[in-house]
Structure formats: structure tokens, C-alpha cells
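# Residue-level structure breakdown
Now for the letters of each chain:
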Amino acid sequence: ANLGHPYFSHIVEGIMEAVGKSNCRLVMSATINEFNSNIEMLTNQFSAENQLDGIILLGKIEIPALREAIKQIARYVVCMEEDYDKESDFVGVNLNNSIKLAIDYLISLGYRDIGLIFSSKNQNRFQWCKYVMECSGLAFHPDWMIDGEYTINVSRVKAALQAYKPPRAIVAWNDEMALGCIKALTESGYKVPEDVAVVGHDDIAIAAYTDVPLTTVRIYKKEIGTLAVKILLDRIESKRKIPIKVEIPGRLIKRDSCGRKLKKTNG
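Below: a short report on this structure. (Residues numbered from 1 in each chain as written. Predicted model: local features only at pLDDT ≥ 70, side-chain atom pairs only at ≥ 80, totals over all residues. Heavy atoms only, no water.)

### Quick word on the environment of Leu58
Topologically, Leu58 is positioned in the loop between β1 (52-57) and α4 (64-73). On the accessibility criterion, Leu58 (13% relative accessible area) is buried. Through-space distance from the C-alpha of Leu58 to that of Ala228 is 9.7 Å; in sequence the pair is 170 residues apart. (Helix = DSSP H or I, 4+ residues; strand = E, 2+ residues; numbered from the N terminus. Buried < 20%, exposed > 50% of the residue type's maximum accessible area, 1.4 Å probe, protein only.)

As C-alpha cells, this is what we get:
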């Protein structure tokens, strides 16, 4: 994970605060790339006789060698990847349920023509979004399924705007993609939300303070970090065999970008 990212930085804040209030010690912190670059050194340093008591994983671990190394260097793992393995504890968000809050809200406001800015790295979530729409008798706008790669990718939205008329509403998988979408729309002469409504996900700090405050799904990031430490300490102290799963629900935050005020005025 990128520890300086506005999403992960708040999780780290919660971890550090909880560590500071406990009797445990934080031995190391590293990004996935840093960890992967130093696998041999870490497995030598933290051998079976000198394992870490536990490790907290913030991001998705897709490298098999890294997964094996984690098993060697730490007795217990708390992860934020729901299907990481069958032995580790989980604390985090059901991302499918939280993105459903955004889609359902747009539908409740009467939007029927909806686009999606997503990441192709998560096909399960992509299929879930399509399923949620289908259950409401709708389909995502076929010309407006844009792979935004979780970044503020203005150029891809602008390219789509040059080729196709935008849908009436757009759901973005995170706030960076949503903010990039709004920037591309406004620079191309469209008004948000008058012409196109936009909804994000995560509720990073800047989301409330942009020119068009962003409707989004709030993820309680600091609380996730705090709980991760508490769950890990519980397992270390109790030597619990059975892993636990703690889901923290997201919360829809209604701001101006979804056209809520317009709907009330026109309704």
C-alpha cells in the first residue's frame, strides 16, 4: 500500500495511535514493493526462532513469494483483504456493499442512465456493480465503463467525452477518480451536477472542499487501523486459533455533486 495515500494514511494514523496506547512496539513498516525487494533479508532476520508476533497488511498481496514470506516472518496476520486466506484475521469494509450504497442512491434520485469509472484490477467488484444495476432493471451505459486505475485520470474521461455523450450520472470507485471525472467534465463544458451527477467512494479529506462538494461513501479509515491493532493484540495474547472477521459499514455522505438539491427543487 502507498502509506502516504489519503486513504491509507488515515488507517496508519489509527494504527499508530493504538500502538502508542498499548504495550506493543512497532518494529517495521514498509510498502509492498519495499517488502518484496527485501524478502530474503526479512526472512533471514525474522526466522522461525525470531518471528514477529504479528503483522498488519493494508493492501492486496498478489505476489505468491510475498505471501509465503509473510507466513514465515509473522505468527499472526491481520489483513484488510477479505479473501486473503483462511488463517488470518480480517478488519475492513465490504467494498461491494459500500459501492452499492452509491449506486442505490443515484437510482433513488431517479437516475436511469449511469456510467462507471472502475479498475480492471478488481473484476469481482466490477461484476457486482453490473449485478446491482441489473437487479434494478438497469444497465451501465455501455460507452461509459472507463478503467480509471484508481487515479485522477482526466485524460481518459476527456477522451470518452469527445467520442460519446455522457450519461446522466457516473459512479466512481474512489474519490480520486470521481474528482478527476468532475475536472474532465467541467473542462469540457459540462456542469456537475446539472448535466452529470458524480458519486465517489472513500470520503477523503478534500472531497468536502472541492468546488462541487463530492457525494461519496465514507469509509471509517482511522477506526479500521485502530481495530486492526486491537484484534492483533487480542490474538497474540490469547493465542486464538480461530480467525475473526470484522466489517465496518460505510456511510453515504450526501453533498452537491449528485444533484440532490436539484432533484428537490424540481420535485
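After that view, the rundown keeps rolling.
### Some points on the packing of helix α1 (residues 8-20) against helix α9 (residues 221-238)
Running from N to C, α1 and α9 point in directions that differ by 40°, and their axes come no closer than 6 Å. In terms of axis orientation, α1 runs oblique to α9. Helix-helix and strand crossings are classified by hand; for α1 and α9 the assignment is right-handed. Every residue of α9 that contacts α1 at His10, Ile11, Glu13, Gly14, Ile15, Glu17, Ala18 and Val19 is listed here: Lys221, Lys222, Gly225, Thr226 and Val229. Residue composition of the contact of α1 with α9, by class: five nonpolar, four polar and four charged. (Axes fitted to C-alpha atoms, helices over the stretch in contact; angles between N-to-C directions. Parallel < 35°, antiparallel > 145°, perpendicular 65-115°, else oblique. Left-handed = near helix turned anticlockwise from the far one by under 90°. Contact = heavy atoms within 4.5 Å. Nonpolar A, V, L, I, M, F, W, Y, C, P; charged D, E, K, R; others polar.)

### Quick word on the sheet that holds strand β2 (residues 74-79)
As summarised here, the arrangement of the four strands in space is β1-β2-β3-β9, forming an open sheet in which the pairing is parallel. Both edges of this open sheet fall to β1 and β9 (245-247), since each of them pairs with a single strand only. Along the sheet, successive strands turn relative to each other by an average axial angle of 20°, direction set aside. (Pairing = 2+ DSSP bridges.)

### A closer look at the pattern of salt bridges
With the rule as written, the count across this model stands at 18 salt bridges. Between Lys222 and Glu17 there is a salt bridge; the shortest N-O distance is 2.9 Å. With Lys222 in helix α9 and Glu17 in helix α1, the pair connects residues that are 205 residues apart, well separated along the chain. Of the residues examined, Glu17 reaches a relative accessible area of 33% and is grouped as partly exposed. Salt bridges sharing common partners tie together Glu13, Glu17, Lys21 and Lys222. (Salt bridge = Lys/Arg side-chain N within 4 Å of Asp/Glu carboxyl O.)

### As for the pairing of β1
Walk down a regular strand and you will see the side chains alternate between the two sheet faces. As judged from the five bridges shared by β1 and β2, these two strands associate in the parallel manner. The residue of β2 that forms the bridge with Ile55 is Val77. Where the polypeptide runs from β1 across α4 and back to β2, its parallel neighbour, the crossover connection is right-handed. (Right-handed = clockwise from strand over helix to strand, strands pointing away.)

### Some thoughts on the sheet that holds strand β4 (residues 114-118)
Strands sit in the order β5-β4-β6-β7 across an open sheet of four strands; the sheet is parallel. Strands at the two margins of the open sheet, each flanked by one partner only, are β5 (140-147) and β7 (197-199). Across the sheet, the axes of successive neighbouring strands diverge by a mean angle of 20°, strand direction being ignored. Alignment of strand β6 (residues 169-172) against β7, held across three bridges, turns out to be parallel. Considered in β7, the bridge of Ile170 is made with Val198. Its contacts with the sheet put helix α5 (residues 95-108) on β4, β5, β6 and β7, and the angle it makes with β6 is roughly 170°. Contacting β4, β6 and β7, helix α8 (residues 175-187) crosses the sheet at an angle of about 160° to β7.

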